[in-house]
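Take a look at the letters that make up each chain.
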Amino acid sequence: MTRLSPRNALRRAAGLLAAAGLLAVVPLAGAAAPARADEPPVFTLGGPAETGLHPYRAGGGPKPSRLGITVTAPSGEEGTGFAGRFTLTFDLSGVAGVADVAFDGAASGAETSDGGASGGEASGGGALGAGTSGGGTAPDCEVTGAKAVCVGTGVRPGTHPVADLVVTAAADGERGDSGTITVTGEAEGAAFTPFTTRVTVGGPDLVMEELPFRTELVPGDRQQAPITFANRGAGDAEGVLLTLRYTRGLDIPQRYSNCRYSEDDPGPSGVGRTTALCTVEGAFEAGEAYTLATPLTIEATERAYRDTFLYRIEEAGPPRPAPAAFERGDGAVLRAVPVTGPQNRAAGRTADPTPHDNQREADFRTENTADFAAYGDRVSGARGATVTADVGFRNVGPAWIGHLRSGEDVAVVDFTVPRGASVVAKPDRCRAVTAAGEYREDQRSPAPRYLCPTSPAVHDGEGLDLPFALRIEEVLIGAEGEVTVRAPSARNPALPFDPAPANNTARLVLNGGDDGDGPSTPPTSDPGPDASPSGAPATSAPGGGAAGASGGSDSGTGSGHGGGLASTGSGALTVAGAAAVALTAGLALVAAARRRTGRYS
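Residues numbered from 1 in each chain as written. Predicted model: local features only at pLDDT ≥ 70, side-chain atom pairs only at ≥ 80, totals over all residues. Heavy atoms only, no water.

K.L.:
Is there a simple way to think about the sheet that holds strand β13 (residues 206-208) in this case?
P.N.:
Strand pairing in a sheet relies on backbone hydrogen bonds. The paired strands run either parallel or antiparallel. With respect to topology, four strands assemble into an open sheet ordered β13-β16-β21-β25, the strand pairing being antiparallel. The two strands at the open ends of the sheet, each matched to only one other strand, are β13 and β25 (336-338). Shown here is a sheet whose adjacent strand axes are inclined to one another by a mean of 30 degrees, direction ignored. Looking at chain direction, strand β21 (residues 289-292) and β25 are connected through three bridges and run antiparallel. Counted as the bridge partner of Tyr-290 is Pro-338 from β25. (Pairing = 2+ DSSP bridges. Helix = DSSP H or I, 4+ residues; strand = E, 2+ residues; numbered from the N terminus. Axes fitted to C-alpha atoms, helices over the stretch in contact; angles between N-to-C directions.)

K.L.:
Before we go on, may I ask you to explain the state of the cysteines in this structure?
P.N.:
By definition, a disulfide links the sulfur atoms of two cysteines through a covalent bond. Within this structure, the stated rule accounts for two disulfides. Two residues, Cys-259 and Cys-278, share a disulfide whose sulfurs are 2.0 Å apart. On the sign convention where negative is left-handed, the bridge of Cys-259 and Cys-278, at about 110 degrees about the S-S bond, is right-handed. With Cys-259 in strand β19 (residues 259-263) and Cys-278 in strand β20 (residues 274-284), this pair connects stretches of sequence that are 19 residues apart. The exposure class of Cys-259 is buried, given its relative accessible area of 0%. By relative accessible area, Cys-278 is classed as buried at 1%. The partner cysteine of Cys-430 in its disulfide is Cys-452, sulfur to sulfur 2.0 Å. What sets the handedness of the Cys-430 and Cys-452 disulfide is the S-S torsion sign, and at about 110 degrees it is right-handed. (Disulfide = S-S within 2.5 Å. Buried < 20%, exposed > 50% of the residue type's maximum accessible area, 1.4 Å probe, protein only.)

K.L.:
Whenever I open this one, the sheet that holds strand β26 (residues 359-366) confuses me. Can you help?
P.N.:
What the seven strands build is an open sheet, ordered β14-β26-β23-β17-β20-β19-β24; its pairing is mixed. Single-partner strands in this sheet number two, and they are β14 (216-217) and β24 (327-328). Pairing analysis gives five bridges linking β19 to β20, with the strands arranged antiparallel. Bridge pairing links Arg-260 to Leu-277 in β20.

Structural data, given as structure tokens:
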């Protein structure tokens, strides 16, 4: 048995990164190393670096903590999984007298061949059952003294749970007692990287209180957020780390000097959350509740629509280097003050035994709109030429639109190809469908229609830019295709947030001549210099095209914007445009005649 010592270096390095990632749950052990074709696969066992335990309560019995063990197998091109039998060995001698350990067979659904949960007495006195395997059968376990041996079959690529341990403080243990559990593995034709985790009795148990926010808002609404948390554990917390994370439509005007701020995933495919990591110094005593000395202010900005605010508390521990992407605020110091008097103080500190209650999250609905405006193009070329048509849409604002909970696409661009043309290259996000919009198995040959979904978030001032490479099969004067931005469901195409559906459709005009207005650009809401369009670029057209494309280069490609070509209004060809097309066709005929004359002279 060992007494509680300063936290190991792994936990110190991992804590701040885990706070920045928040909901991402990954094993602290390294990823499985890829194996070459002539080498056996290497699987990595993992789990939390440290687990805190509630002290044993006299007369009240133990309060369990859970410890999940995972196995990571190479994935992608390097990994095909493993179909053979494997053996896991759990060395429980390091927690003798500190903790009792049981394997949660009931929770994993694992059963023995006779239909009952496998079990046995571990050194700490707990029953041992099977855990969840990483893709094959659940392992059967047998306990001998302070060792548990579990045999299973099959591990699939990726990271998967392999065992769920239920750990409680031993009845005769003391606060600050600490020990380790080591897991090793072996298999014929595969290797396992071992894993060791530490469990410690006592320490703080930080709990974030839920705030009664007003969640139905209008742009400009402000409300206070008096964040309050309690230490319900058996030990003090030496400083706390307060994490605030809010989406694009919300803002906290204050920028505190003991907070570091980052705008993560701000691109067109990302939500664009702001993350603040605030280190609050002080001894936060067991049994006491705390609140911010000055409440935060949460504001719904002019671009708010559907937004979330996450607030999390955890022990800060020793100072850690700030991630490079974070910048320190220049305002006052954020402080926390007691709400109640101290009670049940105890020495020692360790990992939080119930981290699930450290975090709260609020969803806000703001009465707002976003105008999705489609844009088309106007391109021309001779028969056989390949031209590039740029179509898509812009979110003119004011709101950003995000489907954060469901992860569904916000909208889809529905593009109908003009007659006389075929698509030879398209953006990667677009899929070919039939003329009626139905599923089409063949995605390689040209299709009459394409559906291009957005991501689950569309920022104000952004949208999709979709370049299509078109081969002109037949010169049809003024042939038109249609570009529509709509809801993902064709049965309910209306965008519920869009107050101006008239501009959801635009035209792509092929060989329509010059209407004198010149090239136009996609609609904009002045997104600023940081805004960038989304959508994958079209790949090169196979074989190039003829050299007669309007505005083309030596490769025979050409393009011209025609943004704002709404589906209403006239598409008549001007006399000058018709003459230009006729002249191009005539020159092609003359050139062909000369080649034939030279061939037979």
